[in-house]
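Coordinate analysis (summary)
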Amino acid sequence: NRTTYLSWAASVALLLGVGYQYNQLTTSSNTINAIELEKSNLKQSVVELELKNKQTATALNIVRDTKNTVVSLGGQTVAPESFAKIYWNKETETVYVDATGLPEPPEGKVYQIWSLKLSPTLTPTSIGLLENFKANDQKLFAVSGTKDAEAFGITLEPAGGSKSPTMEQLYTLGKV
């Protein structure tokens, strides 16, 4: 009789021990999953921060390059509060546009950059579009190069750009 009680007690103790161990295993497994998710999120954050850091370093290098000519573009009639800056390296013919002073273009429109030759007659040449305006947090765009610009202008054009500038939509303009 005593042996039966001891066997039942041992069985119950074993069952309770297995239940406790299963509960601990489940808790540990959940903790591990939460930590792995947090680790994954942290890795993603590090990748995003490294990308932003690289973009910021590139922007600083452009701004600090002493070979770049900085051309300030002032707002025009359609948007007098608008402004932009052109960073133009005449040696390498590279052009960057800082468009932080431009409002977000409406749906179906895009900003187009023009290199202008003023004499003997006004001759505009498109050097690029500021596409993905919303996605570019820094609003710093690389466009096609130019070697003989006397001024730069930015117009608002239909998506895909135009062959000649829409002067009624001239947002900014500046002489070199």
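Further up the page is the structure itself.
The structure reproduced in this document is the subject of the present report. (Residues numbered from 1 in each chain as written. Predicted model: local features only at pLDDT ≥ 70, side-chain atom pairs only at ≥ 80, totals over all residues. Heavy atoms only, no water.)

Regarding the packing of aromatic side chains
Under the definition given, this model contains four aromatic pairs. A ring pair is formed by Trp-88 and Phe-152, whose centres lie 5.6 Å apart and whose planes are at 80°; its orientation type is edge-to-face. With a gap of 64 residues between them, Trp-88 in strand β2 (residues 83-89) and Phe-152 in strand β7 (residues 151-158) connect regions that are remote in the sequence. Assigned by exposure class, Trp-88 and Phe-152 land together as buried. Taking 5.4 Å as the distance between ring centres and 80° as the angle between the ring planes, the aromatic pair formed by Tyr-111 and Tyr-171 counts as edge-to-face. One end of the pair, Tyr-111, is in strand β4 (residues 109-117); the other, Tyr-171, is in strand β8 (residues 170-175), with 60 residues separating them in the sequence. Here Tyr-111 falls in the buried class, since its relative accessible area comes to 0%. (Phe/Tyr/Trp six-rings, centres within 6.5 Å; stacked < 30°, edge-to-face > 60°. Helix = DSSP H or I, 4+ residues; strand = E, 2+ residues; numbered from the N terminus. Buried < 20%, exposed > 50% of the residue type's maximum accessible area, 1.4 Å probe, protein only.)

Observations regarding the pattern of salt bridges
Where side chains of opposite charge bring their charged atoms close, a pairing between them can arise. This structure, assessed with the given rule, holds three salt bridges. Across the pair Lys-134 and Glu-104 runs a salt bridge, and its minimum N-O distance is 3.6 Å. Remark: Glu-104 occurs in the loop between β3 (94-101) and β4 and Lys-134 occurs in the loop between β5 (123-130) and β6 (140-143); sequence separation between them is 30 residues. On the basis of relative accessibility, which here comes to 58%, the residue Lys-134 falls in the exposed class. Given a relative accessible area of 48%, Glu-104 falls into the partly exposed group. Here Glu-150 makes a salt bridge to Lys-117, at a shortest N to O gap of 3.3 Å. Of the two residues, Glu-150 sits in the loop between β6 and β7 while Lys-117 sits in strand β4, which places them 33 residues apart along the sequence. (Salt bridge = Lys/Arg side-chain N within 4 Å of Asp/Glu carboxyl O.)

What to know about the sheet that holds β2
The eight strands lie next to each other as β5-β4-β7-β8-β1-β2-β3-β6, forming an open sheet whose pairing is antiparallel. The outermost strands of the open sheet, each flanked by one partner alone, are β5 and β6. When strand polarity is set aside, the average angle formed by the axes of neighbouring strands in this sheet is 25°. Taken together, the seven bridges between strand β1 (residues 68-75) and β2 define a ladder with antiparallel strand orientation. Pairing of Ser-72 across the sheet is with Lys-85, part of β2. (Pairing = 2+ DSSP bridges. Axes fitted to C-alpha atoms, helices over the stretch in contact; angles between N-to-C directions.)

Looking at the nonpolar core
Counting residues in each nonpolar core, the largest one holds 22 residues, and the members touching the most others are Ile-86 and Leu-130. At the level of elements, β1, β2, β3, β4, β5, β6 and β7 are the ones that each hand at least two residues to this core. Non-local contacts of Leu-130, meaning those with residues more than four positions away in its chain, are made with Val-97, Ala-99, Leu-102, Val-110, Tyr-111, Ile-113, Phe-141 and Val-143. (Core = buried A, V, L, I, M, F, W, Y, C linked by side-chain atoms within 4.5 Å. Contact = heavy atoms within 4.5 Å.)

As for unusual backbone geometry
Backbone torsion omega between Ser-119 and Pro-120 reads 5°, so that peptide bond is classified as cis. By secondary structure assignment, the location of Pro-120 is in the loop between β4 and β5. In this structure, Asn-132 is a non-glycine residue whose phi angle is positive, near 55°. By secondary structure assignment, the location of Asn-132 is in the loop between β5 and β6. Here Lys-139, not a glycine, exhibits a phi torsion of approximately 55°, which is positive. Looking at the secondary structure, you find Lys-139 in the loop between β5 and β6. A relative accessible area of 16% places Lys-139 in the buried class.

Brief notes about the environment of Ser-144
Among the structural elements, Ser-144 can be located in the loop between β6 and β7. Classification of Ser-144 as partly exposed rests on a relative accessible area of 45%. Along the backbone, Ser-144 and Ala-99 are 45 residues apart, and their C-alpha atoms lie at a distance of 15 Å. Excluding residues that lie within four positions of it along the chain, Ser-144 makes contacts with Val-95 and Ile-127.

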